[in-house]
Structure formats: structure tokens, C-alpha cells
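Coordinate inspection notes
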Amino acid sequence: MANKKDQKSTKKFLSKSLFLLLFVIFTTVIIASNTLAEVNEGLADLATYESVTYDITVSGDFELIEQSSSASLQSATTNLHLYVQEDNNYVTLISESTSSEGEIADDTITYTFTNKDPLDKSFTYDAKVTIDSTKHLIQNSDNFPIELSASEISANGLEEYLSVTDTIDWENDEIKRRASALAQGHTNLFEALVEMASWVEGNIEYNLSTLNAEASLPASSVLETREGVCDEMTSLFVAMARSLGIPARFTSGISYTTSDLFDENWQPHGWAEVYFPGTGWVSFDITFGEYGYIDVTHIKLRDGFDPAEPATKFEWLANNVDLDAKNLKFDVKIIDSGVFVSEKIVLEQEILAKEIGSGSYNLIKGILKNTADYYAATTLKLAIPDEVEII
């Protein structure tokens, strides 16, 4: 008899004249040179690099469980959908290989096992890849609302990225109302998307307890409960974009985090990509607050129209045999790093009065300049350092 099981990997997951300020900030950053060993130990801020070359291993295993003494196996297959996706913007695949049972074809890696013994099976995918920081040079985005012809949608395969799914349920009235209200008055696509992304980031609480669910919550539920993890926050943003006729898709991969919420730095992660006419797919990571780009700690392994698509799929043809699948594991090592990214946003300050009297106060003016000739969005914070004491 034939059996099938699906397993979804757990996700712990300006132009010069326009600067989009998402939060208010005053900060001092000191960047020192770091050795490769320090980078691998997580002592450096990986997000500040222009490019990084990684060795990546994705591994999984499952167990065949005999139900009787007459148990037999004809074949067992594992379809792995998470592997390095080349992208002209920022991903260069140098080499890749699989364990002996694996074969890479189309959009999947298929591992085939024909022997029942041993009952414990394992499979691996290894790749060497260079990730470049992807900051899309969007110089003119005054094209919102966007109008896509049927021929453009068909030629670029955009139909599924405008569709309604169980998870991306953008036809929900509340989603449409919220997206429309946030985008109202905007004639700039990038600006409208940043408005929606920053609203999701600021109003949806990142809550790991939602991982107890068997599947990702629909976007409408995330809007209602105001909580979720990275894939659920991304689903809401994608749903908002699609409700306005903007093609958007869900991207799966691995990212680096220093959050105390996780035991390991490298975690499965999800973010969005949005289609800009004339430019192509542009990244938006709601959880990381990266709009219009992603940094080199993001290793893309898959893109799709819905986060509910399984990462692995198991099939087996057997008699009196069940199959118990385990979670995927990820191992990432840095083998080379490039130079630091040159910051295009300049922060300056001006003290408005040279002297003040007792009991008075002074004002400091913050000046933000975008030195690039393309749009930029960044997250800024205002802080009072412990070293400053008010007497």
C-alpha cells in the first residue's frame, strides 16, 4: 500500500529628495576590523558585510517503523524543496552535492531508498554559495497604483503571486480595508509598501507560541490576533500587497540571529519579495525591518506563492511499515567574507546654542542625509545612554 506524509520545516522564524523615516534614532556605531574566526564565532555583525561565502549543509532523517514481522519495503522517497536558489541580484551558487541517494531536478531534490535496513535513514544537501547584499537601486517608483496588463502578468508568471490561498486570504474585508487605508494618498509604489511593512512590523507582536499550531495562521487571523512569527507576519504583508494588485511572494531560507529567543544563531526564516514593474523582485523582511533589500545573513532556499507549501515530502511503498519524519537541520560555516558595506545614510548633529545657563536646556538637531541616488529605508531609534547623567 502507498502512504504519503507532508512535513513543513518549522520557522522560528530615496531618491536623494526623499528619505523614509520609520522610527526616530540617535546612535553611535563603532566598526572595527574582524578576523574570519571572529566572524564564524558570531562576534561580528554579519549584516554589515557586502558579501559572504558560506558552506551550507541541510540534513534530515526519518525512521521506518515495522508494524509486523512480515514488514517489507519496496521504496521510500524524500522530496526536499529547500536548496540554494540562484538569484542574479545576490545569490551565486559555486558548487552543490547531495548524499548518494539524492538527485537534483527541476524544483526539488529526490532521495530514493530501496532497502528497508537500516530502519534509520538520513539525507544531506551541501552547497558553497556567495551572498551579496541586495539593495535594489530603485530610482523612480512613482507608479502606484500599478497597472499590469494580462500579457505582462503571463510573461512574468505572476498569476499565482496575485492569487488567494488558504494562508494568503487577501479577499478578507479587514485586510483589504487596512491595506487600502495605509496606501491611500500614495503615488509611489515603494512608499506605499514601506507604509504597509512598517505597520505590520509595529503592530504585530512576534510570538513564538504560534508555532504550536500545525500550520501557519492565515493572514486574516494574524491581523485579528495581532501576533505571529516571521512567516505569519510576512503572510499578512503579502496579503495586503496582493489585495492592491501588487504581485508578492513568500521566500524561505536561513538567516542569522543573535536573539535570546533561539538556542542557535542560524534559524529557518521567511521573508517577502514584491514585484516592481521594470525592476523585478524586491525583498522586504518585516521581522528584520529591511525594506527594499536584505543583508548577507539571508540565505535563500526557496520562493513560492504560499508559506504552507511543505519543505519536505515523504512517500513510501511498503507493507506494514510506517514512517516517522524528523525536523530538518541546518549547518552554516563562513569560509570567506568581503568588505563592509559603505553606509549611504549619513547621520549628523548640530548643537543649537554654544552656551546655556543654570536651569536651562539646549537643543540638538539631528540631520539625516541619503547620499545615494536611489531610495533607502532604514530603522532609527532614539536612546539615552547610561553614561549621560542629568544633575
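Residues numbered from 1 in each chain as written. Predicted model: local features only at pLDDT ≥ 70, side-chain atom pairs only at ≥ 80, totals over all residues. Heavy atoms only, no water.

**So, the overall build of the protein**
Counted only if it meets this: Each helix is a run of DSSP H or I of at least 4 residues and each strand a run of E of at least 2, with the numbering of both proceeding from the N terminus. Three labels apply to residues, based on accessible area from a 1.4 Å probe with only protein chains included: buried if under 20% of the type maximum, exposed if over 50%, partly exposed otherwise in between. In these tables, accessible area is a Shrake-Rupley quantity obtained with a 1.4 Å probe, and a residue counts as shielded only by the protein chains included in the view.
Broken down by element type, the protein carries 6 helices and 23 strands. Expressed as a percentage of the 391 residues in the protein, the buried residues total 44%. Split by element, the accessible area of the protein, about 20000 Å² in all, is 46% carbon and sulfur.

**Section: the side chain of D169**
Where we set the bar: Charge convention: Lys and Arg are scored as positive, Asp and Glu as negative, and His as well as the terminal groups of each chain are ignored. Salt bridge, as used here: a side-chain nitrogen of Lys or Arg that lies within 4 Å of a carboxyl oxygen of Asp or Glu. We define a polar contact as two N or O atoms separated by no more than 3.5 Å, with the added condition that, inside protein, one atom must be a possible hydrogen donor and the other a possible acceptor, whereas residues neighbouring each other in sequence contribute only through side-chain atom pairs. Contacts: residue pairs with any heavy atoms within 4.5 Å of one another.
One can find D169 in the loop between α2 (150-155) and α3 (173-183). Within the buried set, D169 has no salt-bridge partner at all; the shortest N-O distance to an opposite charge, 9.4 Å, is to R242. A distance of 2.5 Å separates polar atoms of two side chains, one belonging to D169 and the other to S220. In this structure D169 touches V164, I175, P218, A219 and S220, once residues within four positions along its chain are discounted.

**Focus on the environment of F123**
Following the sequence through the fold, F123 ends up in strand β8 (residues 120-132). Taking the C-alpha atoms as reference points, F123 and G102, separated by 21 residues in sequence, lie 7.6 Å from one another. The contact partners of F123, leaving out residues within four places of it in the chain, are V58, S59, G60, D61, F62, T78, S99, Y111, F113, F314 and L328.

**What about the nonpolar core?**
Threshold: The nonpolar core is taken to be a set of buried Ala, Val, Leu, Ile, Met, Phe, Trp, Tyr and Cys residues, with the residues joined through side-chain atoms within 4.5 Å.
By size, the foremost hydrophobic cluster in this structure holds 47 residues, and its most contacted members are L193, L236, F237 and F284. When residues in this core are grouped by element, the largest group, 9 residues, is from helix α4 (residues 189-203). Filtering out sequence-adjacent residues up to four positions away, L236 remains in contact with I175, W199, V200, I204, A219, V222 and L223. Grouped together as the second largest cluster of nonpolar side chains are 43 residues, V58, A127, I299 and F314 included.

**Considerations on the pattern of salt bridges**
Note that side chains of opposite charge can pair when their charged atoms are close. With the rule as written, the count across this model stands at 12 salt bridges. One salt bridge in this structure joins K369 and E348, with 3.5 Å as the shortest N-O distance. One end of the pair, K369, is in strand β22 (residues 364-370); the other, E348, is in strand β21 (residues 345-351), with 21 residues separating them in the sequence. Linked by salt bridges that have partners in common, R249, E273, K300 and D303 make up one network.

**Digging into the packing of α4 against helix α6 (residues 230-243)**
Here is the rule: Whenever a helix is involved, its axis is fitted only over the stretch in contact; in every case the axis is a line through C-alpha atoms, and angles between N-to-C directions fall within 0 to 180 degrees. With respect to orientation, any angle under 35 degrees is reported as roughly parallel, any angle over 145 as roughly antiparallel, any angle of 65 to 115 as roughly perpendicular, and every other angle as oblique. Take the far helix as your reference; a near helix turned counterclockwise from it by less than a right angle gives a left-handed crossing, and one turned clockwise gives a right-handed crossing. Asp, Glu, Lys and Arg are counted as charged, while Ala, Val, Leu, Ile, Met, Phe, Trp, Tyr, Cys and Pro are counted as nonpolar; the rest, among them Gly, fall into the polar class.
The contact between α4 and α6 brings their axes to 10 Å, and the two run at 150 degrees. Classified by the angle their axes make, α4 and α6 are roughly antiparallel. Taken as a pair, α4 and α6 cross one another with a handedness that is right-handed. In this structure, α4 uses L193, M196, A197, W199, V200 and E201 to contact α6, whose residues at the interface are M233, L236, F237, M240 and A241. Looking at the contact of α4 with α6 residue by residue, the class counts come to 10 nonpolar, no polar and 1 charged.

**Structural notes on the confidence of the model for the protein**
Inclusion rule: Per residue, pLDDT captures the predictor's confidence, and it can take any value from 0 to 100.
Averaged over all residues, the pLDDT of the protein is 81; the fraction at 70 or higher stands at 85%. For the protein, the element scoring lowest by mean pLDDT is strand β2 (residues 20-21), at 36; α3 scores highest, at 97. Within the model, pLDDT remains below 50 along residues 1-43, and this stretch shows 143 contacts once partners closer than five positions in the same chain are excluded.

**Digging into α4**
The condition is simple: Each residue after the first adds 1.5 Å to the expected span of a helix.
For α4, with 15 residues, the first-to-last C-alpha span of 21 Å sits near the 21 Å given by 1.5 Å per residue. Among the residues making up α4, those that are buried are L189, F190, A192, L193, V194, M196, A197, W199 and V200. Capping of α4 at its N-terminal end is provided by N188; its side-chain oxygen lies 3.0 Å from the backbone amide nitrogen of F190.

**Digging into the pairing of strand β3 (residues 51-66)**
Where a strand is regular, its side chains alternate between the two sheet faces. This is how the line gets drawn: In short, DSSP must find at least two bridges between two strands for them to pair.
Where β3 lies against β8, 13 bridges are found, and the strand directions are antiparallel. Opposite V52, over in β8, you have I131 as the bridge partner. Here β3 runs beside strand β20 (residues 329-337); their pairing, made up of 8 bridges, is antiparallel. Within β20, the residue paired with Y54 across the bridge is I334. Taken together, the 5 bridges between β3 and strand β19 (residues 321-325) define a ladder with antiparallel strand orientation. Counted as the bridge partner of L64 is L323 from β19.

**Points about unusual backbone geometry**
Of note, the bond from D117 into P118 is cis; its omega dihedral lies within 30 degrees of zero at -5 degrees. Looking at the secondary structure, you find P118 in the loop between β7 (108-113) and β8. Residue F144 is joined to P145 through a cis peptide bond whose omega torsion reads 0 degrees. With respect to the secondary-structure elements, P145 resides in the loop between β9 (134-135) and α2.

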